[in-house]
Amino acid sequence: MNRNSIETSHRGVAWRVLGAGVMALLLLLAGCANTDFHFFSFNTAESPGIEVLDYQYGESRQPMTRPRESERRSEKVDQAVRMGGDILRPDKLYVKWRIRATGTAYEQTVNLDQLLPRDIEEHEVHFTIDGSRLYVYLISPKWIKPGETGGPGRYRSQKTTTLWTGIGQRVS
């Protein structure tokens, strides 16, 4: 084999490796097509007398979109979560909670697929609880104008849409 044919074969291998790398990157990007840079949060300080026992934000396996398995089993989960980043667009929100005074537990799954607008970039999906009632909000990064009503708690100055409100299913 002469020197030119060796260089040509090495170039061919290099182009094939580069091509495979580009294809892998394109497949990775295609798999991330259902992500949006947005936030998810709750804080039971806004829900006096309530203890969150379990939650799941969509199907993402990213940290903080659901409690760790050990926390879930013991029903000792964080009582405040705020996370953000490129998160899979959520199809649902599941929450299980207990009213501390009575020990009564409730759970609810909310179908976010039908409720979220197409563009949730830089928005925040936030929930609060009042007794047996769950509230789910979409918090905008935009500020309200004088006279407009904002969101709950720390979001009172931001444009807010109530996505869902309803009574949870009582569980034993």
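*Asks:* Please explain the overall build of the chain as it appears in this structure.
*Replies:* When you go through the chain residue by residue, the secondary structure sums to two helices and nine strands. Going residue by residue from the N terminus, the α and β elements of the chain occur as α-β-β-α-β-β-β-β-β-β-β. With 172 residues in all, the chain has 37% of them scored as buried. Considering only contacts in the chain between residues 6 or more positions apart, those separated by 24 or more positions represent 61%.

*Asks:* Got a minute to help me understand the pattern of salt bridges in this structure?
*Replies:* For side chains of opposite charge, pairing can occur when their charged atoms come near one another. Using the criterion set out here, one finds nine salt bridges in the structure. The salt bridge partner of Asp54 is Arg72, with a shortest N-O separation of 3.0 Å. Here Arg72 lies in helix 2 (residues 69–74) and Asp54 lies in strand 2 (residues 50–57), a separation of 18 residues in the sequence. The pair Asp54 / Arg72 is uniform in exposure class, with both members buried.

*Asks:* Is there a simple way to think about unusual backbone geometry in this case?
*Replies:* Glycine aside, residues mostly have negative phi, and peptide bonds are mostly found in the trans state. A positive phi angle, close to 55°, is found at Glu75, a residue other than glycine. Within the secondary structure layout, Glu75 lies in the loop between helix 2 and strand 3 (80–88). By relative accessible area, Glu75 is classed as partly exposed at 23%. A positive phi angle, near 65°, is found at Glu122, a position not held by glycine. Looking at where Glu122 falls in the secondary structure, it is placed in the loop between strand 5 (105–111) and strand 6 (124–130). Note on Glu122: relative accessible area 47%, which makes it partly exposed.

*Asks:* Help me out: how do you make sense of the nonpolar core in this one?
*Replies:* Here is a general trend for soluble globular proteins: nonpolar side chains tend to be buried in one another's company. Ranked by size, the top nonpolar core spans 26 residues in total, and within it Phe40, Leu93, Leu112, Phe127, Ile129, Leu134 and Val136 carry the most contacts. For this core, the elements supplying multiple residues, two or more each, are strand 1 (35–43), strand 2, strand 3, strand 4 (92–99), strand 5, strand 6 and strand 7 (133–143). Residue contacts for Phe127: discarding those within four places in its chain leaves Phe40, Ser41, Phe42, Asn43, Val52, Leu93, Val95, Leu134, Tyr135 and Val136.

*Asks:* Looking at this structure, how should I read the sheet that holds strand 5?
*Replies:* Sheet strands pair by backbone hydrogen bonding; their relative direction is either parallel or antiparallel. Reading across the sheet, the four strands line up as 2-4-5-9 and stay open at both edges, with antiparallel pairing between neighbours. A single partner strand is all that each edge strand has here, and the edge strands are strand 2 and strand 9 (169–171). Taking each pair of neighbouring strands and ignoring which way they run, the sheet shows an average axis angle of 25°. In the sheet, strand 5 pairs with strand 9 via three bridges, with the strands oriented antiparallel. The residue bridging Glu107 from the neighbouring strand is Gln169, located in strand 9.

*Asks:* I tried to follow the side chain of Ser47 on my own but got confused; where do I start?
*Replies:* Considering the arrangement of structural elements, one finds Ser47 in the loop between strand 1 and strand 2. Aside from chain neighbours lying at most four places away, what touches Ser47 is Thr128 and Ile129.

*Asks:* Where do I start with the environment of Gln79 in this structure?
*Replies:* With respect to the helices and strands, the residue Gln79 is situated in the loop between helix 2 and strand 3. Taking the C-alpha atoms as reference points, Gln79 and Phe42, separated by 37 residues in sequence, lie 7.7 Å from one another. With residues up to four places along the chain from it excluded, the contact list for Gln79 reads Phe42, Asn43, Thr44, Ile50, Glu51, Val52 and Arg100. From its side chain, Gln79 meets the backbone oxygen of Val52 in a polar contact 2.9 Å long. A distance of 2.8 Å separates a polar atom in the side chain of Gln79 from the backbone oxygen of Val77.

Conventions used here
Residues numbered from 1 in each chain as written. Predicted model: local features only at pLDDT ≥ 70, side-chain atom pairs only at ≥ 80, totals over all residues. Heavy atoms only, no water. Helix = DSSP H or I, 4+ residues; strand = E, 2+ residues; numbered from the N terminus. Buried < 20%, exposed > 50% of the residue type's maximum accessible area, 1.4 Å probe, protein only. Contact = heavy atoms within 4.5 Å. Salt bridge = Lys/Arg side-chain N within 4 Å of Asp/Glu carboxyl O. Core = buried A, V, L, I, M, F, W, Y, C linked by side-chain atoms within 4.5 Å. Pairing = 2+ DSSP bridges. Axes fitted to C-alpha atoms, helices over the stretch in contact; angles between N-to-C directions. Polar contact = N/O pair within 3.5 Å; in protein donor to acceptor, adjacent residues only side chain to side chain.

Honestly, it's all geometry; don't read function into it.
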